[in-house]
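One-letter residues, chain by chain:
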Amino acid sequence: MQASLSLTLNQKIMANLLQNAGVNPAHKFARLSLLSVFLTATATTIHHVYKLGPPALILGFVIIVFPIIFLLWFRNTKKGLPLLLYGLMNLWIISGFGVADGFWDSVVKIYFSNFLFRDSRLFIRTPVRSYFFELTGVLAFFASMFAAYYGYKFFNAVFSQRQEWKAWNHRVKWIIGSLVIAGVLLAGYSGYKHTVIIPENKIVKIGVIVPATGPGKILGTSFLKAVELASEDVKNKNTKYQYQIVIENSGITPAETEQAIERLIYKEQVQGIVGGISASGKIVKPYATSAKIPHLCVCSVKTIGDGKYNFTNIPTAEDEAIQWVEEAQKRGIKSIAIINQKYPSIEGHVRALKEESVKAGIKILYEKEFEESARDFTQMIAEAKNNLPDIYFISGFPPVLDTLGVQLKRSGVNNVASIVALSVSNKPELFEGNWYTDSYVDSSFKARFEQKYPGTRFATHMMPYAYDSFIIMVQAFESGKDPAEYIQNITEYPGTSGRLTKETGKGNFRSRPAVWVIKNGKPELLHENENKIAIK
Amino acid sequence: MNTINKRILLAVFLLALIVSVYFIVQKNRPPVLDNGSTKVYMH
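In this text the structure is predicted, and so the values were computed from the model without any measurement.

Participant: Account for the pairing of strand β10 (residues 435-438) of chain A, naming residues and giving values.
Facilitator: On a regular strand, one side chain projects to one face of the sheet and the next to the other, so that they alternate. Residue and element names in this part refer to chain A. Burial of the side chains of β10 extends over both faces: Trp-435 and Thr-437 are buried on one face and Tyr-436 and Asp-438 on the other. In this structure, strand β9 (residues 416-419) lies alongside β10, joined through 3 bridges in parallel fashion. Within β10, the residue paired with Ile-419 across the bridge is Thr-437. In the sheet, β10 pairs with strand β14 (residues 514-519) via 4 bridges, with the strands oriented antiparallel. Bridge assignment links Tyr-436 to a residue of β14, and that residue is Trp-516.

Right, here's the structure in full:
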């Protein structure tokens, strides 16, 4: 509303100005100066609407309308005050919105950080956002250069026409020259600051981003405990630098994750990130890439690991499926019925399981997906039973997973197996004697936890990887090389989660999951010795 | 350079700016940043 009012007002004034067009250079340059200031202000207002939302229209109103008022006031009175105010408005719009915002943020981001000098640390900017957001930033700079040129010409013409103001022509040149030199020095210093990886105080900040609320809370808090344990272990060693953990809650929505990662990178200025959960890892990835800092994510979505700044560290769906099929073959399983919840990470596991099963000659006799809201599985179970599978592969999140467990038990189905899911069940006793694949956890590591946090329930799924990721991050900084480059070149790492391997330059740490069974209502490692050998 | 030439040059430059920003944004924009989505995720 305000914007449209100001637009109409401006159109009328511009028409009026054009009608009064004369040969006087002051008039000609006044029109051109006002037009370019108006275009700069319009572009930056649209740009700021993306950034700040509707309140940006108030800013837009001020920077569009006030220059017009000051210039009309000057035209009618020819006094120094309105001219000074118009000059200050120009200075604010050109240097603040045109140069600092338009050039330093948008133009440098688009053409330098993402086109000409992709790998340079001199041009570290925020991730690229929508087209119109970036375009209006670039256009604001472009228009501001015209505003600067015609503004200078206008003031020059006005000063030349008044004997008592003539001296200002010289002074304006000095003011502009000083401002340009100060701007270049400031910009150079800001760019240089980004090239320094280790801060002067030798305290390296590592951001830890995991959910502390919502359904991922238990995974998140377990993850944090593992990182804290790793941090304590680092403190007990003689390291070159000190390491400070900065924790942020990734929340339960992408918007919350974005706020959390922005706080970590731009406010806390962390030098590395250790995170968990694929959903938030996907959001953290572009921020880590833009900030050119290493990001180790305990997440199973392989594409998060780009091998440059982002790396994943947890068994991939393929690794889980290979281990699962190996165990199934040992047990003489020839056919499977699959009942799983519709969910991206679960679907990834099922896809990989089917591929590996086909390779091993295991038949898929029945397959059905269910929604999170499903409560009645009797028909699904009956259909699966009719196919007489050797085993029932199930997967889902509680509470629907436990509902399925109850109904399977009631139907007399006891031969159940899974990938990961049984470890997150709230009623593991429902799956007594059933087996599943999940992260390997070194028994001494597990014992340390149980001793340190007695009686606390942990989700072991991510913990050893969280611990190992933090230690890898510390080693990367201690190496004295660019930490991202150090991680890029790791090919093997003996961790608490077994032997981690990675192809040079690739973004996924691979590891061998373990087979677990539910015994006396608790998960227990089936082949402890095999995995112990794997570490060495 | 006469005024018409200047205007053509300006229009071509503006067009190049608009098109180049479009392609650079397309190539580099992370697909997951959706600016404030409140869709809840679990895992």
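Participant: Just give me the short version of the interface of chain B and chain A, but keep the residues and values in it.
Facilitator: Counting residues at the interface gives 26 residues for chain B and 39 residues for chain A. Between chain B and chain A, roughly 3000 Å² of surface is buried when both sides are summed, and carbon and sulfur atoms account for 71% of that area. The tally of links from chain B across to chain A stands at 0 salt bridges. There are 4 residue pairs in polar contact (both at pLDDT 80 or more) connecting chain B and chain A. Classifying every residue of the side of chain B that touches chain A by side-chain character gives 15 nonpolar, 7 polar and 4 charged.

Participant: Describe the nonpolar core, and please don't skip the residues or the numbers.
Facilitator: Generally speaking, nonpolar side chains in soluble globular proteins are found buried as a group. Residues and elements named next belong to chain A. The biggest cluster of nonpolar side chains holds 69 residues, and the ones touching the most others in it are Phe-223 and Ile-394. Element by element, the count of residues in this core is highest for helix α15 (residues 463-478), at 11 residues. In contact with Ile-394, not counting residues within four places along its chain, are Ile-339, Leu-401, Leu-404, Leu-408, Val-416, Ala-417, Ser-418, Ala-421, Leu-422 and Phe-431. Formed by 29 residues, the second largest nonpolar core is a distinct cluster that contains Ala-26, Met-89, Ile-93 and Tyr-150.

Rules behind the numbers
- Residues numbered from 1 in each chain as written.
- Chains lettered and ligands numbered in written order.
- Predicted model: local features only at pLDDT ≥ 70, side-chain atom pairs only at ≥ 80, totals over all residues.
- Heavy atoms only, no water.
- Buried < 20%, exposed > 50% of the residue type's maximum accessible area, 1.4 Å probe, protein only.
- Helix = DSSP H or I, 4+ residues; strand = E, 2+ residues; numbered from the N terminus.
- Pairing = 2+ DSSP bridges.
- Contact = heavy atoms within 4.5 Å.
- Buried area = accessible area lost by both parts, 1.4 Å probe.
- Salt bridge = Lys/Arg side-chain N within 4 Å of Asp/Glu carboxyl O.
- Polar contact = N/O pair within 3.5 Å; in protein donor to acceptor, adjacent residues only side chain to side chain.
- Nonpolar A, V, L, I, M, F, W, Y, C, P; charged D, E, K, R; others polar.
- Core = buried A, V, L, I, M, F, W, Y, C linked by side-chain atoms within 4.5 Å.

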